Amino acid sequence: MMNKVVKNAEEALKGLESNMTLMLGGFGLCGIPENSIAEMVKMKVTGLTCISNNAGVDDFGLGLLLHGKQIKKMISSYVGENAEFERQMLSGELEVDLIPQGSLAERCRAGGAGMPAFFTPAGYGTEVAEGKEIREFNGKAYLMELALEADFALVKAWKGDTAGNLIFKGTARNFNPLMATAGKITIAEVEELVPVGSLDPNQIHTPGIYVQRIFQGNS
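For the structure given in this document, a descriptive report is provided here. From a predicted model like this one, the values you see are computed outputs, not experimental measurements.

1. A closer look at a nonpolar patch on the surface
Together, Leu-29, Val-41, Phe-60 and Leu-64 make up an exposed nonpolar region whose accessible area comes to about 280 Å². Position of Leu-64 relative to the elements: it lies in helix H3 (residues 62-67). On the accessibility criterion, Leu-64 (31% relative accessible area) is partly exposed.

2. Quick notes on the pairing of strand E6 (residues 134-137)
Here E6 pairs with strand E7 (residues 140-146) via four bridges, running antiparallel. If you follow Phe-137 over to E7, its bridge partner there is Lys-140. Here E6 folds back onto E7, and the loop between the two strands holds two residues, one of which, Asn-138, carries a positive phi near 50 degrees.

3. Some thoughts on the sheet that holds E7
In space, the three strands of this open sheet follow the order E5-E7-E6, with antiparallel pairing throughout. Of all the strands in the sheet, the pair left with one neighbour each is strand E5 (117-120) and E6. Taken pair by pair, the neighbouring strands of this sheet meet at an average axis angle of 40 degrees, ignoring direction. The sheet strands contacting helix H5 (residues 101-113) are E5 and E7, and the helix crosses E5 at an angle near 155 degrees.

4. Remarks on the environment of Gln-88
Looking at where Gln-88 falls in the secondary structure, it is placed in helix H4 (residues 83-90). Overall, Gln-88 belongs to the buried group, its relative accessible area being 1%. When the C-alpha positions of Gln-88 and Leu-104 are compared, they lie 22 Å apart, and in sequence the two are 16 residues distant. Beyond its immediate sequence surroundings of up to four residues, Gln-88 is in contact with Leu-66, Lys-69, Glu-93 and Leu-94.

5. Some points on the packing of aromatic side chains
Scanning the entire structure with this criterion turns up two aromatic pairs. With a centroid separation of 5.5 Å and 85 degrees between ring planes, the pair formed by Phe-137 and Tyr-142 is classed as edge-to-face. Put simply, the rings of Phe-119, Phe-137 and Tyr-142 touch in pairs and so form one group of aromatic residues. Between the NZ or CZ atom of Lys-159 and the centre of the ring of Trp-158, over which it lies, the distance is 4.7 Å.

6. Observations concerning helix H2 (residues 34-43)
Each full turn of the α-helix corresponds to 3.6 residues, which orients residues three or four apart in the same direction. Those residues of H2 that fall on the buried side of the exposure criterion are Glu-34, Asn-35, Ser-36, Ile-37, Glu-39 and Met-40. Positive phi shows up at Lys-44, right after H2, with a value of about 60 degrees.

7. What about H5?
Compared with an ideal rise of 1.5 Å per residue, which puts 13 residues at 18 Å, H5 spans 18 Å between its outermost C-alpha atoms and is within 8% of the ideal. Looking at the buried positions of H5, the neighbouring elements they touch are strand E1 (21-24), strand E2 (48-51), strand E3 (71-76), E5, E7 and helix H6 (176-180).

8. Remarks on the pattern of salt bridges
Enumeration according to the criterion identifies 10 salt bridges in this entry. Between Arg-107 and Glu-145 there is a salt bridge, with its nearest N and O atoms 3.3 Å apart. In this pair, Arg-107 sits in helix H5 while Glu-145 sits in strand E7, placing the two residues 38 residues apart along the sequence. An identical accessibility class is assigned to Arg-107 and Glu-145; each is buried. Where salt bridges share partners, they join Lys-69, Glu-84, Arg-87 and Glu-93 into one cluster.

9. A look at the pairing of strand E10 (residues 183-194)
The pairing of strand E8 (residues 150-161) with E10 spans 10 bridges and is parallel. In the sheet register, Ala-157 faces E10, and the bridge partner there is Val-190. The sheet contact formed by E10 and strand E11 (residues 213-216) spans four bridges and is parallel. The partner of Val-190 across the bridge, within E11, is Gln-216.

Rules behind the numbers
- Residues numbered from 1 in each chain as written.
- Predicted model: local features only at pLDDT ≥ 70, side-chain atom pairs only at ≥ 80, totals over all residues.
- Heavy atoms only, no water.
- Patch = residues over 30% accessible without salt bridge, like charges linked within 9 Å, V, L, I, M, F, W, Y side chains within 5 Å.
- Areas by Shrake-Rupley, 256 points an atom, 1.4 Å probe, with all protein chains shown as cover.
- Salt bridge = Lys/Arg side-chain N within 4 Å of Asp/Glu carboxyl O.
- Helix = DSSP H or I, 4+ residues; strand = E, 2+ residues; numbered from the N terminus.
- Buried < 20%, exposed > 50% of the residue type's maximum accessible area, 1.4 Å probe, protein only.
- Pairing = 2+ DSSP bridges.
- Axes fitted to C-alpha atoms, helices over the stretch in contact; angles between N-to-C directions.
- Contact = heavy atoms within 4.5 Å.
- Phe/Tyr/Trp six-rings, centres within 6.5 Å; stacked < 30°, edge-to-face > 60°.
- Lys NZ or Arg CZ within 6 Å of the ring centre and 35° of its normal.
- Expected span 1.5 Å × (residues − 1).

Following this line, the structure appears as structure tokens:
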């Protein structure tokens, strides 16, 4: 079985370049790939499009990339805890696509499942619907949402094995399993890295087939 272990975040992020589209798991600061984010700050990549439920806080998570003006566009559902995000959005420095949370999750899932689009009632009759196709099913209006995909998906798990099988802990599961399926290259940072065969197959949330690189984080 293929060993997907890399030494650290630096090795894991090889090939990640400016102007790429990234998916980053997490909800608030729970289950975010903090080691990968810290490495991107060091790499000084710019022009990034980041698909993430939220934008971290001012001094942690994606907030660190925002401070360095490394993100050009955020595709997210909640951004209320980051003053720098708000400043950049209002000044026009940052492009923002705000999406209802369930629609964001489903757009990531659809990307991983190879579905180009789906119809949802969420957002109909609001700004969210602007420019989107609307169709009626059983007398109710739905708008078409396109799937999301990324050059890299960066996820954080509790436990993983050398083949890339992942287990998430509690609410840290959040967007991580959906995004892990939708990246051309998926990088998992884990708190605990174990040999293949150590994890109960019935407990695995993300099968290793979706993960290309895995490393043990330092926090």
